Amino acid sequence: MRKHSWLLLFLLSACAVQAPPPRAAEPAAPRTVTVMTHDSFSASESVIAEFERAHNAKVVVLKSGDAGSTLNKAILSKDAPLADVIYGVDNTFLGRALAADILEPYNAPALAAIPDRFKLDPQNRLLPVDYGHVMVNYDKAFLEAKGLMPPTSLRALTEPQWKGSLVVENPATSSPGLAFLLATIAAFPEGSAYDWRQFWRDLRANDVYVSPDWSDAYYNQFSGSSGKGPRPLVVSYATSPAAEVFFSEGKLQAPPTGNVEGTAFEQIEFVGILKGTKNRDLAEKWVDFMLSKRFQEDIPLQMFVYPVLPEAALPEVFVKFGQPPAQFFTLSTAEIDRGRERWIEEWERIVVK
Amino acid sequence: MRMLKQIAPAAPALLFLAVFFAWPLVEIGRVSFTPGAFGRGVTPLTVLRDPAYLSVALFTLWQAALSTALTLLAGLPIALAFARYRFAGQGFWRAAAVVPFVMPTVVVAAAFSALLGPRGLVNQMLQALFSLEQPPIQLFGSLPFVLLAHVFYNVAVVIRLVGGFLANLSPSLEEAAAGLGAGRWQIVRSVLLPLSLPAIGAASALVFLFSFTSFGVVLILGGARFATLEVEIYQQATQMLRLDVAASLAVIQMAITLLVGWASAWLEAQSGASLEVRPGSDVQRKPTTLAARALLFGSLTFIALVLLAPMITLIVRSFDWESGSPWRYYTALGQNIRGALFFVPPQVAIGNSLFFALVTMALTLLLGLPLAYALAYLKRRRWLEAILILPLGTSAATLGLGFLVTFDQPPLDLRRSFVLLPVAHTLVALPFFVRAALPAFRALDQRLREAARGLGAGPLQVMRYIDLPLLAPPIAAAAVFAFAVSLGEFGASLLIARPEYPTMPVVIYRFLSQPGALNYGQAMAMSSLLMLVTASSAALIEWIRAR
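The rules behind each value
Per chain, residue numbering runs from 1 following the sequence as it is written. All chains are assigned letters beginning at A, and all ligands numbers beginning at 1, according to the order in which they are written. Confidence filtering applies because this is a predicted model: local features only for residues at pLDDT of at least 70, side-chain atom pairs given and counted only at 80 or more, and all residues used for totals across whole chains, interfaces and linings. Where helices and strands are cited, they refer to DSSP runs of H or I of at least four residues and of E of at least two residues respectively, numbered from the N terminus. Two things to know: the radius of gyration comes from C-alpha atoms, and the globule rule equals 2.2 Å times the number of residues to the power 0.38. Three classes are used. A residue is buried when 20 or more other C-beta atoms lie within 10 Å of its own, exposed when 12 or fewer do, and partly exposed in between, with C-beta atoms placed from the backbone. Contacts here follow a simple rule: the backbone-placed C-beta atoms of the two residues must lie within 7 Å. Here the expected span of a helix is defined as 1.5 Å times the quantity of residues minus one. Working definition for bend: take the seven residues up to and ending at a residue and the seven starting at it, fit an axis to each, and measure the angle between the axes. Note on definitions: a nonpolar core is a set of buried residues drawn from Ala, Val, Leu, Ile, Met, Phe, Trp, Tyr and Cys, linked by C-beta atoms within 7 Å. For every domain, the bounds stem from an assignment made automatically or drawn from a database. A pair of strands counts as paired when DSSP detects no fewer than two bridges linking them. Note on residue classes: Ala, Val, Leu, Ile, Met, Phe, Trp, Tyr, Cys and Pro are nonpolar, Asp, Glu, Lys and Arg are charged, and everything else, Gly too, is polar. Each residue gets a pLDDT score, which is the predictor's confidence in that residue and runs from 0 to 100. Fitted lines through C-alpha atoms serve as axes, helices being fitted only where they are in contact, and the angles separating the N-to-C directions of these axes extend from 0 to 180 degrees. Small angles under 35 degrees read as roughly parallel and large ones over 145 as roughly antiparallel, with 65 to 115 read as roughly perpendicular and the rest as oblique. Throughout, a crossing is termed right-handed when the near helix is turned clockwise from the far one, and left-handed when it is turned anticlockwise from it by less than a right angle.

## Describing the overall build of chain A
Okay, step 1: What chain A contains, in helices and strands, is 13 helices and 11 strands.
Okay, step 2: Rg of the C-alpha trace for chain A: 22 Å, near the compact-globule value of 20 Å for 353 residues, within the 12% margin.
Okay, step 3: Along the first, second and third principal axes, the C-alpha set of chain A runs to 70 × 45 × 40 Å.
Okay, step 4: Sorting the 353 residues of chain A into buried and exposed places 51% on the buried side.

Written out as structure tokens, the structure reads:
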């Protein structure tokens with residue numbers, strides 16, 4: 001890329017601000033491992049501090065928007081990588097990440113303890129860290145007041161008694177929205193007598209509401225949240241009822257919301273080492289750490305998803321109210337990768353245009 | 001040569017725009033249109049052949065024009081009332097009008113939902129009153145809601161800019177017209193409107209461009225049925241990775257912005273009269289007539305109902321009315337119950353927000369004042385003005401990716417530096433400031449300055465004793481917006497964020513990304529603090545100006 005000397009001069013002040021303060025001479029200055037991730041990443045301070053102490057390292061986290069934007073930024077900065085590690089690529093975007101050739105394989109020893117069903121990249125360029133389920137939630141009080149039993153399948157959502165009841169997120173702008181679209185494609189495959197297109201036409205006729213993102217759907221449109229919206233059904237996560245209990249600070253003994261069985265899609269999140277890292281050894285240590293019991297047990301209450309490591313214990317609120325659904329839909333990453341853009345475009349034509 | 005000398009004060013601003021605006025755009029354009037990686041051959045010349053994109057472009061223009069008309073309709077009477085009449089609490093009302101400008105869209109949606117939603121206050125009242133089965137007002141997902149929100153967000157621009165301009169206008173012409181027997185409407189139509197045309201033009205251009213590039217409002221309040229160019233660019237760039245389509249649409253967006261900028265400059269030139277400018281305190285009087293009182297009452301009612309009522313619902317929701325400790329959500333803001341790494345104490349978020357806003361305002365004044373000075377006395381400047389307004393009509397998504405591919409080599413690897421944040425804010429604030437301040441600069445009576453020079457005053461003395469006192473109100477009004485642009489995080493959404501410097505809107509979004517009463521309550525509490533910080537900052541800037 002062209003660089004001009006006048007630019008240098010002009011920006012000298014900016015860079016001066018950016019430069020780290022000079023440190024007193026230390027035996028070995030801590031090295032830095034940079035983790036690029038989505039905005040929802042969270043971890044306990046004490047857990048990260050443990051890693052930093054153990055490896056004399058500093059962890060720098062770069063939040064880069066939602067999962068899709070984060071991956072795209074990593075792809076665009078391929079020639080001059082922003083970070084050593086990327087976390088948060090999920091199975092709906094795995095194909096794009098692998099095709100863009102931005103990752104280095106790493107056969108982490110910790111993988112041995114992780115069930116094979118989570119390992120979607122045979123070359124281990126992307127390693128599973130956690131999983132969760134996008135799922136329809138219902139508002140218990142709302143249904144009770146109307147004398148309704150919760151729906152029990154996707155198909156039930158098109159019945160007249162649920163007219164005007166469901167809120168979904170737009171798959172073109174939202175990760176749970178995309179996951180729910182994929183659930184419906186898995187449930188009503190292309191080529192079957194009743195395919196996903198027909199299902200969405202029926203949903204549209206049943207007055208489904210489309211929000212651009214989870215926050216608006218859950219808080220402004222869904223009646224079961226503190227935002228007290230108008231509709232009793234929302235596409236959210238299997239762990240949302242447990243989170244409602246946890247964030248009530250002891251006020252709630254049971255969740256105000258429940259999960260609608262037969263509507264779940266499994267999302268698995270991955271970590272990978274970015275090509276061109278200058279800290280390969282430390283990046284490996286970080287990946288090992290994310291797969292270790294210490295980090296895995298920290299995941300549930302920080303990000304409200306499940307650890308992939310079976311021996312990681314779940315917190316009590318998860319055991320009581322946040323068990324993974326017995327059944328869920330899934331699609332192979334190859335199928336998702338072939339269909340994703342076309343499905344989103346078709347969905348837009350069917351549901352919103 | 002003379003032209004060069006005239007334009008010299010503008011050099012720092014032009015350099016700033018060349019480095020942080022033009023260069024990243026050229027780079028991302030190069031990446032986007034290179035066949036292969038991200039492009040499949042769509043160009044700005046071919047993109048509108050797709051009827052879907054064409055209709056998005058037409059809708060974008062149509063809703064922006066409607067929004068601008070409605071905002072003017074609501075804002076002009078209020079601007080007149082604020083400029084002409086003295087009344088108790090004026091400072092409060094003026095500061096309050098700016099608050100909506102900075103609020104995150106999802107929070108505004110929560111506010112309107114609490115007020116006008118199907119289970120909102122108004123619907124519940126109407127249903128109880130007329131025993132209706134269904135809520136009579138169904139706003140979510142409709143065009144009227146988008147327009148209402150655009151008025152809500154932008155009416156302050158009209159109130160402050162046109163009001164600030166009128167506040168300095170000597171009432172002698174009006175008095176003369178009244179003396180000649182003109183009625184009230186005639187004075188408004190034939191005296192006030194033509195005289196304030198430059199300010200109205202500037203405010204219209206700004207409101208139009210904010211509505212034209214509207215993103216969150218259209219996405220959240222319009223439901224999925226409506227899309228502006230900005231929404232389409234965001235989806236194509238960040239979700240689909242179709243950079244060719246995104247960049248093509250961004251070019252169309254910029255071309256339209258150029259035309260708007262040119263039209264606004266042209267409109268301003270149609271009324272190039274130097275006006276007799278006086279300090280606002282000489283102009284304002286008590287509202288004694290019935291018409292004056294009615295105007296004032298109507299203005300304050302509008303602000304109370306349309307701007308303040310939704311905001312108040314947020315404050316109501318920021319308290320826990322059921323438990324014994326109503327301040328619970330506020331105290332929780334300071335507690336890190338999960339020991340989370342990215343926990344931000346509220347004072348730090350407020351501090352970060354204020355710091356970035358101050359830097360943005362300082363940078364904007366530093367670059368913008370000389371730029372406005374140079375532009376004010378330049379002949380043949382319409383296209384230059386149009387180009388200078390471009391950042392306001394440029395897709396934030398595109399520019400964000402431009403930063404990513406441009407500032408990626410040491411020593412210019414700024415991608416992860418917090419420096420880019422005030423830079424991105426200034427890119428929006430600077431054109432806003434210049435557009436807002438120019439009408440006032442041009443209205444200065446040259447004879448006054450020449451007289452001062454004739455009496456031996458140097459250029460700095462002229463600036464100190466003639467220009468500054470008369471220009472202070474409009475400059476303060478424009479500076480308030482530079483500050484507010486940063487507080488509301490315009491255009492910075494697509495930068496790479498280092499969680500070390502979270503601002504108030506970032507913290508609000510973070511709370512709203514997880515379920516639970518505590519998260520929602522804290523989001524409302526932080527939103528209430530953001531309102532408080534915005535209103536008091538606006539009031540403080542005015543107070544400093546008055547000193």
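## Details of the overall build of chain B
Okay, step 1: Secondary structure summary: chain B contains 24 helices and zero strands in total.
Okay, step 2: In terms of overall dimensions, chain B is globule-like: its C-alpha atoms have a radius of gyration of 24 Å, near the 24 Å expected for 547 residues.
Okay, step 3: Taking the principal axes of its C-alpha atoms as reference, chain B extends roughly 70 × 65 × 45 Å.
Okay, step 4: Relative to its full complement of 547 residues, chain B shows a buried share of 53%.
Okay, step 5: In chain B, once contacts between residues fewer than 6 apart in sequence are set aside, the share between residues at least 24 apart is 83%.

## Overview of helix α22 (residues 459-487) of chain B
Okay, step 1: With 29 residues, α22(B) extends only 35 Å from end C-alpha to end C-alpha; this falls clearly short of the ideal 42 Å at 1.5 Å per step.
Okay, step 2: Where α22(B) bends most, at A472(B), the angle is about 55 degrees, and the proline P473(B) comes one to four residues later.

## Concerning the nonpolar core
Okay, step 1: Ranked by internal contacts, the top residues of the largest apolar core, which has 286 residues, are V85(A) and V158(B).
Okay, step 2: Composition of this core by domain shows at least three residues from each of domain 1 (28-131 + 267-321) and domain 2 (132-266 + 324-351) of chain A.
Okay, step 3: Beyond its immediate stretch of four places on either side in the chain, V158(B) contacts T71(B), L72(B), G75(B), L76(B), A79(B), A203(B) and V207(B).

## Digging into the pairing of strand β5 (residues 127-139) of chain A
All names here are of chain A.
Okay, step 1: β5 sits mainly inside the fold: 13 of its 13 residues count as buried.
Okay, step 2: Relative to strand β10 (residues 265-274), β5 runs antiparallel, the two sharing seven bridges. Considered in β10, the bridge of L127 is made with V271.
Okay, step 3: Examined bridge by bridge, β5 and strand β8 (residues 233-237) share five bridges and lie antiparallel to one another. Considered in β8, the bridge of Y138 is made with L233.
Okay, step 4: Relative to strand β9 (residues 257-259), β5 runs antiparallel, the two sharing three bridges. Bridging from a neighbouring strand, Y138 pairs with G258 of β9.

## Some remarks on the pairing of β8(A)
Residue and element names in this part refer to chain A.
Okay, step 1: Counting buried residues in β8 gives five out of five residues, a clear majority hidden from the surface.
Okay, step 2: Bridge analysis of strand β6 (residues 166-169) against β8 gives two bridges, and the strand direction is parallel. For V167, the partnering residue across the bridge sits in β8 and is V234.

## As for the interface of chain A and chain B
Okay, step 1: Opposite the 61 residues of chain A that make contact, chain B presents 52 residues.
Okay, step 2: When contributions to the side of chain A that touches chain B are tallied by element, the ones reaching two or more residues are α1 (5-18), α2 (45-54), β2 (57-63), α3 (67-76), β7 (209-211), α8 (214-221), α9 (240-246) and α11 (293-303) of chain A.
Okay, step 3: Counting residues per element, the side of chain A that touches chain B draws most heavily on α1(A), at eight residues.
Okay, step 4: Residues of the side of chain A that touches chain B, tallied by class, amount to 28 nonpolar, 23 polar and 10 charged.

## Some thoughts on unusual backbone geometry
Okay, step 1: Of note, K228(A) is a non-glycine position whose phi angle comes to about 50 degrees, a positive value.
Okay, step 2: As for its position among the elements, K228(A) is in the loop between α8 and β8.
Okay, step 3: Owing to 19 C-beta atoms within 10 Å, K228(A) belongs among the partly exposed residues under this scheme.
Okay, step 4: In this structure, L241(B) is a non-glycine residue whose phi angle is positive, near 60 degrees.
Okay, step 5: Note that L241(B) resides in the loop between α12 (229-239) and α13 (243-269).

## Focus: the confidence of the model for chain B
In low-pLDDT segments, the atomic positions of the prediction should not be examined closely.
All names here are of chain B.
Okay, step 1: The predicted model of chain B has a mean per-residue pLDDT of 88, with 97% of residues at 70 or higher.
Okay, step 2: The spread of mean pLDDT over the elements of chain B runs between helix α14 (residues 280-283), the lowest at 67, and helix α3 (residues 51-84), the highest at 95.
Okay, step 3: For this predicted complex, the interface confidence comes out at an ipTM of 0.90, alongside a pTM of 0.90.

## With respect to the packing of α12(B) against α13(B)
Residue and element names in this part refer to chain B.
Okay, step 1: At a minimum axis separation of 8 Å, α12 and α13 run at an interaxial angle of 160 degrees. What the angle tells us is that α12 and α13 run roughly antiparallel. As α12 runs across α13, the sense of the crossing is left-handed. Residue-level contacts link L229, E232, I233, Q236 and A237 of α12 to L243, V245, A246, L249, A250, I252 and Q253 of α13.
Okay, step 2: Partitioned by chemical class, the residues of the contact of α12 with α13 number nine nonpolar, two polar and one charged.

## Some remarks on the domain arrangement of chain A
Residues and elements named next belong to chain A.
Okay, step 1: Examined at the domain level, chain A breaks down into domain 1 (28-131 + 267-321) and domain 2 (132-266 + 324-351).
Okay, step 2: Each of domain 1 and domain 2 has a C-alpha centre, and these two points are 27 Å apart.
Okay, step 3: Elements with a contribution of two residues or more to the side of domain 1 that touches domain 2: α3, α4 (94-99), β5, β10 and α12 (316-321).
Okay, step 4: By residue class, the composition of the side of domain 1 that touches domain 2 is 12 nonpolar, five polar and three charged.

## Describing helix α4 (residues 90-98) of chain B
Okay, step 1: Listing the buried residues of α4(B) in full gives W93(B), R94(B), A95(B), A96(B), A97(B) and V98(B).
Okay, step 2: Contacts made by the buried residues of α4(B) are with α3, α7 (143-167), α15 (290-317), α22 and α24 (517-546) of chain B.

## Considering the confidence of the model for chain A
Okay, step 1: On average, residues of chain A score 91 in pLDDT, and 92% of them reach the 70 mark or higher.
Okay, step 2: Ignoring residues within four places in sequence, the model shows residues 1-24 of chain A, a span with pLDDT below 50, making 16 contacts including any to other chains.

## Here's the deal with the packing of α3(B) against helix α10 (residues 197-212) of chain B
All names here are of chain B.
Okay, step 1: Running from N to C, α3 and α10 point in directions that differ by 135 degrees, and their axes come no closer than 8 Å. Viewed along their axes, α3 and α10 adopt a mutual orientation that is oblique. For the pair α3 and α10, the crossing hand works out as right-handed. Contacts between α3 and α10 involve T60, Q63, A64, S67, T68, T71 and L72 on the former and, on the latter, S204, V207, F208, S211 and F212.
Okay, step 2: Its residues placed into classes, the contact of α3 with α10 shows five nonpolar, seven polar and no charged.

## As for the environment of A113(A)
Residues and elements named next belong to chain A.
Okay, step 1: Following the sequence through the fold, A113 ends up in the loop between β4 (103-104) and β5.
Okay, step 2: Residue A113 is classed as partly exposed on the basis of its C-beta count, with 15 C-beta atoms lying within 10 Å.
Okay, step 3: As a C-alpha pair, A113 and S292 span 179 residues in sequence and 9.8 Å in three-dimensional space.
Okay, step 4: With near-sequence residues (within four places) excluded, A113 lies in contact with L309 and E311.

## Notes on the environment of L282(A)
All names here are of chain A.
Okay, step 1: Relative to the helices and strands, L282 is located in helix α10 (residues 280-291).
Okay, step 2: With 198 residues separating them in the primary sequence, L282 and D84 have C-alpha atoms 8.7 Å apart.
Okay, step 3: Among all residues touching L282, those that are not within four sequence positions of it are R31, V33, H55, A57 and D84.

## Let's talk about the environment of L307(B)
Okay, step 1: Examined against the element boundaries, L307(B) turns out to sit in helix α15.
Okay, step 2: Residue classification places L307(B) among the buried residues on the basis of 23 C-beta atoms within 10 Å.

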